[in-house]
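Survey of secondary and tertiary structure
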Amino acid sequence: MKLLVTGAAGFIGSNFVHYILKKYPDYSVVNLDALTYAGNLENVKEWEHDSRYTFVRGDICDAALMDGLVRDVDAVVHFAAESHVDRSILDAKSFVQTNVIGTQVLLDAALRSGKKRFHHVSTDEVFGALKPEDEPFSETTPYDPRSPYSASKAGSDHLVRAYFHTHGLPVTISNCSNNYGPYHFPEKLIPLAITNLIEGKKVPVYGDGMQVRDWLFVEDHCRAIDMIVHKGMLGETYCVGGASERANIDIVKQLLSLMGKDETSIEYVTDRPGHDRRYAINFSKIQKELGWEPTVTLEEGLASTVEWFMQHEDWWKKIKSGEYQDYYETQYKR
Ligand code: NAD
Ligand code: DAU
């Protein structure tokens, strides 16, 4: 099978490329990525010279390029997105452009090239925010996005479903909770906290730190996507979660303890506007239908993630210093 993986220079997409190329010796992957600030070819450097791997720098909004690439593969696994909520609050334009328009361009390319199999990677944030007593999100929870990021992802999910119903495009969607693990970009809570603590800096905790997220080790997410791509029911959505709901402050305290620090390393800062209070996922559909469930506990996953960041200082120090941008510009000028 030949897969077009969009956004595979980013966090989850790059983990997915590692997962697929290691699991299926006869598969090949085309990594299409625009190399925005979040794209980093070092994440997939291991495959640079492998004949089963090709990198193309490009924008998913480029219809001619997408037509050519999609025509040449068996399936599209679509990760490319603007993914950081705080950035969407500062400026929503690129979120609408990439997440909504870009997804529509890719769907059209899939349609024009003989209705290619299309898997869309989405988020639990499209469902809004839960109260403490609410049931976790499931596939039937009404959409209620509350940030420009989640609104743009909700828009893309609706388009994907519309192409199934209107055009019979063979699609699936996964809505997953917060991932963490290797290659996590250090603007997100867990990698920011770990790298700040290694650097002897404080960890910024928004508001009272009592917002709850459900955390899933990234490789478990990759395995869920693999199962959906191969065995998922066309036109269906699958909720994917880690059964690990934690308040942000508890995640930070767990990291402090793993890294031998105390609570003087916490700095409470102004809250995120419109900050969603709680996410949680009921993943019983994918568990029953496809036999997927998380395999890495939060305790194991956090410990191995701390270890990974300690062993990969070069990787994140370049990102934090901004050096990696020059690397891309010299290596992959359009
Ligand atoms: P990321 O920000 O780390 O990576 C996004 C990648 O997409 C980058 O490599 C970037 O260069 C690329 N990209 C951005 N705009 C592009 C464009 N116009 N054309 C081509 N490439 C472009 O994101 P991530 O955390 O790896 O998330 C991947 C996907 O998974 C996203 O769709 C996100 O909504 C979804 N998701 C993320 C999480 C999470 O916890 N990170 C959870 C659930 C779902
Ligand atoms: O739920 C899935 C989503 O998880 C994905 O769709 C998004 O792409 C991904 O970025 C993530 O969104 P969050 O906003 O939940 O992740 P983030 O790491 O930015 O924040 C996690 C929580 O920690 C959130 O409640 C905000 C808080 N936070 C975040 C940062 C960066 C802090 O308290 N301090 C911080 O410095």
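Before reading further, recall that the structure is shown in the block above.
Note that this is a predicted model, so its numbers are computed, not measured.

Rules used throughout
Residues numbered from 1 in each chain as written. Chains lettered and ligands numbered in written order. Predicted model: local features only at pLDDT ≥ 70, side-chain atom pairs only at ≥ 80, totals over all residues. Heavy atoms only, no water. Salt bridge = Lys/Arg side-chain N within 4 Å of Asp/Glu carboxyl O. Helix = DSSP H or I, 4+ residues; strand = E, 2+ residues; numbered from the N terminus. Buried < 20%, exposed > 50% of the residue type's maximum accessible area, 1.4 Å probe, protein only. 1 Å grid on protein atoms, 1.4 Å probe; cavity = no way out; pocket = protein on both sides within 12 Å on 5 of 7 lines; lining within 4 Å. Points joined across faces, edges and corners; volume = space filled by probe spheres on them. Near = heavy atom within 4 Å. Polar contact = N/O pair within 3.5 Å; in protein donor to acceptor, adjacent residues only side chain to side chain. Areas by Shrake-Rupley, 256 points an atom, 1.4 Å probe, with all protein chains shown as cover. Core = buried A, V, L, I, M, F, W, Y, C linked by side-chain atoms within 4.5 Å. Nonpolar A, V, L, I, M, F, W, Y, C, P; charged D, E, K, R; others polar. Pairing = 2+ DSSP bridges. Axes fitted to C-alpha atoms, helices over the stretch in contact; angles between N-to-C directions. Contact = heavy atoms within 4.5 Å.

This paragraph deals with the pattern of salt bridges. Counted according to the given criterion, the structure contains 18 salt bridges. Measuring nitrogen to oxygen at the nearest pair gives 2.7 Å for the salt bridge that ties E187 to R87. Linking E187 in the loop between β7 (178–180) and α6 (189–198) with R87 in helix α3 (residues 85–90), this pair joins segments that are 100 residues apart in sequence. Two residues, K320 and E199, come together in a salt bridge whose shortest N-O distance is 2.9 Å. Taken together, the positions of K320 in helix α11 (residues 313–321) and E199 in the loop between α6 and β8 (203–206) put the pair 121 residues apart, joining distant regions of the chain. What makes E199 partly exposed here is its relative accessible area of 31%. Each of E199, K201 and K320 takes part in salt bridges that share partners, so that together they form one network.

Right, let's talk about empty space enclosed by the protein for a bit. One pass over the structure, following the stated rule, counts 1 cavity of 30 Å³ or more. The space that makes up the largest cavity amounts to roughly 50 Å³. Surrounding the largest cavity, V85, E125, S147, R213, R272, P273, G274, H275, D276 and Y279 form its lining.

This brings us to the site of ligand 1. The immediate surroundings of ligand 1 are formed by 28 residues, with I12, D33, S83, Y149 and K153 found nearest. Side-chain polar atom of D33 to an oxygen atom of ligand 1: 2.5 Å apart, as the coordinates give it. When isolated, ligand 1 has an accessible area of 830 Å², and the protein chains bury 96% of it. For the shell around ligand 1, the secondary-structure elements that each account for two or more residues are α1 (11–23), β5 (117–123), α5 (148–167) and β7. The leading source of residues in the shell around ligand 1 is β5, at 3 residues.

Okay, the nonpolar core next. Among the nonpolar cores identified, the biggest contains 57 residues, and F16, V17 and L255 are the most heavily contacted of them. At 7 residues, the largest contribution of residues to this core is made by α1. Counting residues in hydrophobic clusters, the runner-up holds 22 residues, among them A109, F118, V160 and V171.

Attention now moves to the site of ligand 2. Looking at ligand 2, there are 23 residues lining it, with T123, D124, Y149, R272 and H275 nearest. Y206 is positioned such that a nitrogen or oxygen atom in its backbone is 2.9 Å from an oxygen atom of ligand 2. Note that an oxygen atom of ligand 2 is positioned 2.8 Å from one of the side-chain N or O atoms of N248. Contact with the protein chains hides 94% of the accessible area of ligand 2, taken as 690 Å² for the molecule alone. Where the shell around ligand 2 is concerned, the elements lending two or more residues are α6 and β8. In terms of residue count, β8 provides more of the shell around ligand 2 than any other element does, 3 residues in total. Along the lines of polarity and charge, the residues of the shell around ligand 2 split into 9 nonpolar, 8 polar and 6 charged.

This part is about the layout of surface pockets. There is about 190 Å³ of room inside the second largest pocket. Forming the boundary of the second largest pocket are N15, H18, Y19, K22, E46, P182, Y183, F217, V218, E219 and C222. Looking at the lining of the second largest pocket element by element, the count peaks at 4 residues for α1. Its residues assigned to classes, the lining of the second largest pocket shows 6 nonpolar, 2 polar and 3 charged.

In spatial order, the strands read β3-β2-β1-β4-β5-β6-β10; together these 7 strands make up an open sheet with parallel pairing. What marks the edges here is a single partner per strand, and that holds for β3 (53–57) and β10 (237–240). Averaged over neighbouring strand pairs, the angle between their axes works out to 20 degrees when direction is ignored. With 6 bridges connecting them, β5 and strand β6 (residues 171–176) associate as parallel partners. Opposite H120, over in β6, you have I173 as the bridge partner. Its contacts with the sheet place α1 against β1 (2–6), β2 (28–33), β3 and β4 (75–78), and it is angled at close to 165 degrees to β1. On the sheet, helix α7 (residues 218–231) packs against β4, β5, β6 and β10 and is oriented at approximately 145 degrees with respect to β5.

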